[in-house]
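As a plain string of letters, each chain reads:
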Amino acid sequence: MTQIIDGKKISQEIKDELREQVAEQKKLGKEAALAVIQVGTDPASSVYVNNKKKACAYIGIGSLSYELPEETTEEELLALVEKLNGDASVNGILVQLPLPAQIDADKVIRAIAPEKDVDGFHPENVGKLVIGEPGFVSCTPAGIIQLLKRSGIKMEGKHCVIIGRSNIVGKPMALLMLRENATVTIAHSKTQNLPELCKTADILIVAIGKPQFITADYIKEGAVVIDVGIHRDENNKLCGDVRYDEVAPHTSAITPVPGGVGPMTIAMLMHNCVESMLQ
Ligand code: GUN
């Protein structure tokens, strides 16, 4: 029997735990607020930003919204980040990506005070992840670890193949899996014999960004499959990087799209916001 990993349910559990923690902190007189900055009006970004603000309201932390025009300069954005770094009432700062072409995203990420970098993108937090020190961890890979742990899936000693090497998902995912004592392989667009390699995976994490790319030919019977992709198919229906209907019967556990990895990203952002409150 295939276990369908319910990201919606698990993310709700996490948000309810965080809500209780925030209520406890409030009794001690502590408050928290997340500043969310969006530059421009990309519709997908607007949806994500709104969901983040809703999640803040649900767990009981404040959110400050900064909606800047598309033509905002790098200097203007950096000045806002600096101002928020110095604002004691703000303990988390999130700059929604992607940013318009005139702004260097890396420069903006580096400008965020590491102790307010709830996205876990600042090089100091990335470095801490590499050497195993506590710090903020990128939300999507952290959410995948929670999905696996809370679904009773063991990682120790398993061969985990991650397809994708981005700074936001693939690379931190590999480091987190290593921390869980998995044996880790990172595959990417230049990897040779990808289906054969994937067929050796006990846990396959797919973050390629190509709709329904992974077929049953990539799957070892009984593997666990985690699908990070989110796209719209030709009928405007949401789908992932994995051809779900074809792949699922060959797995022991799989995440659906939607309702798998997606909701976990925001739950872990809220987790990071609560961490920043406890510092
Ligand atoms: N754009 C897509 N995913 C993310 C994310 O996790 N954080 C931010 N800041 N922007 C994103």
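All of these numbers come straight from a predicted model, not from anything done at the bench. (Residues numbered from 1 in each chain as written. Predicted model: local features only at pLDDT ≥ 70, side-chain atom pairs only at ≥ 80, totals over all residues.)

**Q** Would you mind showing me how to read the overall build of the protein here?
**A** Tallying secondary structure elements over the protein gives ten helices and eleven strands in all. Against the 2.2 N^0.38 benchmark of 19 Å for 279 residues, the protein shows a C-alpha radius of gyration of 19 Å, consistent with a compact globule. Out of the 279 residues belonging to the protein, those deemed buried represent 44%. Contacts in the protein between residues at least 24 apart in sequence constitute 70% of all its contacts with a sequence separation of at least 6. (Helix = DSSP H or I, 4+ residues; strand = E, 2+ residues; numbered from the N terminus. Rg over C-alpha atoms; globule rule 2.2 N^0.38 Å. Buried ≥ 20, exposed ≤ 12 C-beta atoms within 10 Å, placed from the backbone. Contact = placed C-beta atoms within 7 Å.)

**Q** Before we go on, may I ask you to explain the domain arrangement of the protein in this structure?
**A** For an interface, size is often stated in terms of accessible area lost upon the parts coming together. If you check the domain split of the protein, you get domain 1 (29-113) and domain 2 (139-261). The C-alpha centroid of domain 2 is placed 29 Å from the C-alpha centroid of domain 1. (Domains from an automatic or database assignment.)

**Q** Looking at this model, I keep getting lost on the sheet that holds strand β4 (residues 92-95). Mind explaining?
**A** Paired through their backbone hydrogen bonds, the strands of a sheet run either parallel or antiparallel. Strand order in this open sheet of three strands is β3-β2-β4, and the pairing throughout is parallel. The open sheet terminates on both sides in strands that have one partner only, identified here as β3 (62-68) and β4. The average undirected angle you get between the axes of adjacent strands in this sheet is 15 degrees. Where strand β2 (residues 33-39) and β4 come together, four bridges link them in parallel fashion. Paired with L34 across the strands is G92, a residue of β4. On top of the sheet, helix α2 (residues 43-59) reaches β2, β3 and β4; it is set at about 170 degrees to β2, its chief contact. (Pairing = 2+ DSSP bridges. Axes fitted to C-alpha atoms, helices over the stretch in contact; angles between N-to-C directions.)

**Q** Would you mind showing me how to read α2 here?
**A** Three or four residues apart is the spacing at which side chains of an α-helix point the same way, because the helix has 3.6 residues per turn. The end-to-end C-alpha distance of α2, which contains 17 residues, comes to 25 Å, matching closely the 24 Å that a straight helix rising 1.5 Å per residue would cover. Taken as a whole, α2 has its buried residues at Y48, V49, K52, A55, C56 and I59. In an axial view of α2, the angular spread of the buried residues amounts to 120 degrees, which keeps them on one side of the axis. Relative to its buried face, α2 has exposed residues pointing more than 90 degrees away, namely P43, V47, K54 and A57. On its buried side, α2 packs onto α1 (7-27), β2, β3, β4 and α10 (262-278). The positive-phi residue at the C-terminal boundary of α2 is G60, with phi of around 95 degrees. (Expected span 1.5 Å × (residues − 1). Arc of directions from axis to C-beta.)

**Q** Looking at this model, I keep getting lost on the sheet that holds strand β1 (residues 3-4). Mind explaining?
**A** Ordered in space as β1-β11-β8-β7-β5-β6, the six strands form an open sheet in which the pairing is parallel. Single-partner strands in this sheet number two, and they are β1 and β6 (183-187). Relative to β6, strand β5 (residues 159-163) runs parallel, the two sharing five bridges. Bridging across to β6, H159 finds its partner in T183. Lying on the sheet, helix α7 (residues 170-179) is in contact with β5, β6 and β7 (203-206); it crosses β6 at an angle near 170 degrees.

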